[in-house]
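Chain residues, written in single-letter form:
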Amino acid sequence: PSEDLFASLPKGLFRHVHAAIFKDNKILLVEENDGTWSMPGGWVDVMETVKSNTVKEVKEEAGLDVDAVRVIALHDRNLHNQPPYAYNVCKVFVLCKVKGGCFHPNIETVGSGYFSLDELPPLSVDKNSYQQIEMCFIARSEKNWQVEFD
């Protein structure tokens, strides 16, 4: 394929970010409109970087101002989440630190909360699985974490 083909694709089309935010050894999850829970995140918009889009999505979905600190993993969505899609998506998990802000219900999320690994609510498994959340807990505590990628 030519370079022109790749240059013409919208940059945000196939990347999806997920923010791993911790407080008191619990991870932040947001409640979707359907009652399931996920890490704050979303599709990377055209002209946004993974870092800037992670910060933007956390503000939109969780009301928090964060610094995106480091990448935890790059996952091929169809290898880790259900149901499979007819196209590939690169899911980027990013460790973040809170600077301020607070949650307000919005068009995408109706609640937020911090959860330990053994008390997770029903997950939106098309966005993040138990194993992916567990991976974020491990990555947070390991100083020499190596980025996991498919």
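Every value quoted in this text rests on a predicted model; they were computed, and no experiment measured them. Residue numbers run consecutively from 1 along every chain, following the written order of its sequence. Selection of residues for local features in this predicted model requires a pLDDT of at least 70, selection of side-chain atom pairs for listing and counting requires 80 or more, and totals for whole chains, interfaces and linings are taken over all residues. Side-chain descriptors were evaluated using all non-hydrogen atoms of the structure, hydrogens and water having been removed beforehand.

With respect to the confidence of the model for the chain
- Per residue, pLDDT captures the predictor's confidence, and it can take any value from 0 to 100. For the chain, per-residue confidence averages 91 on the pLDDT scale, and 91% of positions sit at 70 or higher.
- Residues are treated as being in contact if the distance between any of their heavy atoms lies within 4.5 Å. When the criterion is pLDDT under 50, residues 1-13 qualifies, and its contacts beyond four places in sequence or with other chains add up to nine contacts.

Some points on helix α4 (residues 130-141)
- Labels follow the DSSP assignment, with helices taken as runs of H or I lasting at least four residues and strands as runs of E lasting at least two, numbered in each case from the N terminus. Given a helix with a known number of residues, its expected span is that number minus one, times 1.5 Å. The terminal C-alpha atoms of α4 lie 17 Å apart, and with 12 residues this matches the ideal 16 Å at 1.5 Å per residue to within 8%.
- Listing the buried residues of α4 in full gives Gln132, Ile133, Met135, Cys136, Phe137 and Ala139. A simple rule labels every residue: compare its accessible area, found with a 1.4 Å probe on the protein chains alone, to the largest value its type can have, and call it buried under 20%, exposed over 50%, or partly exposed in between.

Quick notes on the packing of aromatic side chains
- Whether two aromatic rings pair depends on their centres lying within 6.5 Å, for rings of Phe, Tyr and Trp, where Trp uses its six-membered ring; planes under 30 degrees apart make the pair stacked, over 60 edge-to-face, and the rest tilted. What the rule picks out here adds up to two aromatic pairs.
- Geometrically, the ring pair formed by Trp37 and Phe115 is edge-to-face, given 5.1 Å between the ring centres and 75° between the ring planes. One end of the pair, Trp37, is in strand β3 (residues 37-38); the other, Phe115, is in strand β7 (residues 109-115), and 78 residues separate them in sequence. We note that Trp37, like Phe115, is buried.
- Whether a charge lies above a ring is judged from NZ of Lys or CZ of Arg, which has to be within 6 Å of the ring centre and within 35 degrees of the ring normal. Over the aromatic face of Tyr85 sits the side chain of Arg77, whose NZ or CZ is 3.6 Å from the ring centroid.

Quick notes on the nonpolar core
- Among the buried residues, those of types Ala, Val, Leu, Ile, Met, Phe, Trp, Tyr and Cys that are joined through side-chain atoms within 4.5 Å form a nonpolar core. Within the largest apolar cluster, 19 residues are counted, with the highest numbers of intra-cluster contacts made by Ala20, Ile27, Leu29, Met39, Ile72, Ile133 and Cys136.
- Elements with a contribution of two residues or more to this core: β1 (15-23), β2 (26-32), β5 (64-76), β6 (90-101) and α4.
- Among the elements that make up this core, the one with the highest residue count is α4 (five residues).
- Once residues lying within four places of it in the same chain are set aside, the contact partners of Met39 are His18, Ala19, Ala20, Ile27, Leu28, Leu29, Val30, Glu61, Phe93, Asn128, Ile133 and Cys136.

Overview of the pattern of salt bridges
- Basic side-chain nitrogens of Lys or Arg form a salt bridge, by our definition, when they fall within 4 Å of a carboxyl oxygen of Asp or Glu. Taken as a whole and assessed by the stated rule, the structure comprises seven salt bridges.
- Across the pair Lys127 and Glu32 runs a salt bridge, and its minimum N-O distance is 3.0 Å. Of this pair, Lys127 sits in the loop between β7 and α4 while Glu32 sits in strand β2; the two residues are 95 residues apart in sequence, bridging distant segments of the chain.
- On the basis of relative accessible area, Glu32 is assigned to the buried category, the value being 9%.
- Close ionic contact of Asp67 with Lys99 constitutes a salt bridge, the shortest N to O distance being 3.5 Å. On the criterion of sequence distance, the pair formed by Asp67 in strand β5 and Lys99 in strand β6 is long-range, its members being 32 residues apart.
- Assessed through its relative accessible area of 39%, Asp67 is described here as partly exposed.
- Lys99 gets classed as exposed once you look at its relative accessible area, which sits at 57%.
- One salt-bridge network, held together by shared partners, links Asp45, Lys56, Glu57 and Glu60.

Side note on helix α2 (residues 50-62)
- Counted at 1.5 Å a residue, the expected span for α2 with its 13 residues is 18 Å, and the 17 Å between its end C-alpha atoms agrees.
- When α2 is considered as a whole, its buried residues turn out to be Asn53, Thr54, Lys56, Glu57, Val58, Glu61 and Ala62.
- Residues of α2 that are buried make contact with β1, β2, β4 (41-43), β5, β6 and β7.
- A positive backbone phi angle near 75° is found at Gly63, which sits one or two residues after α2.

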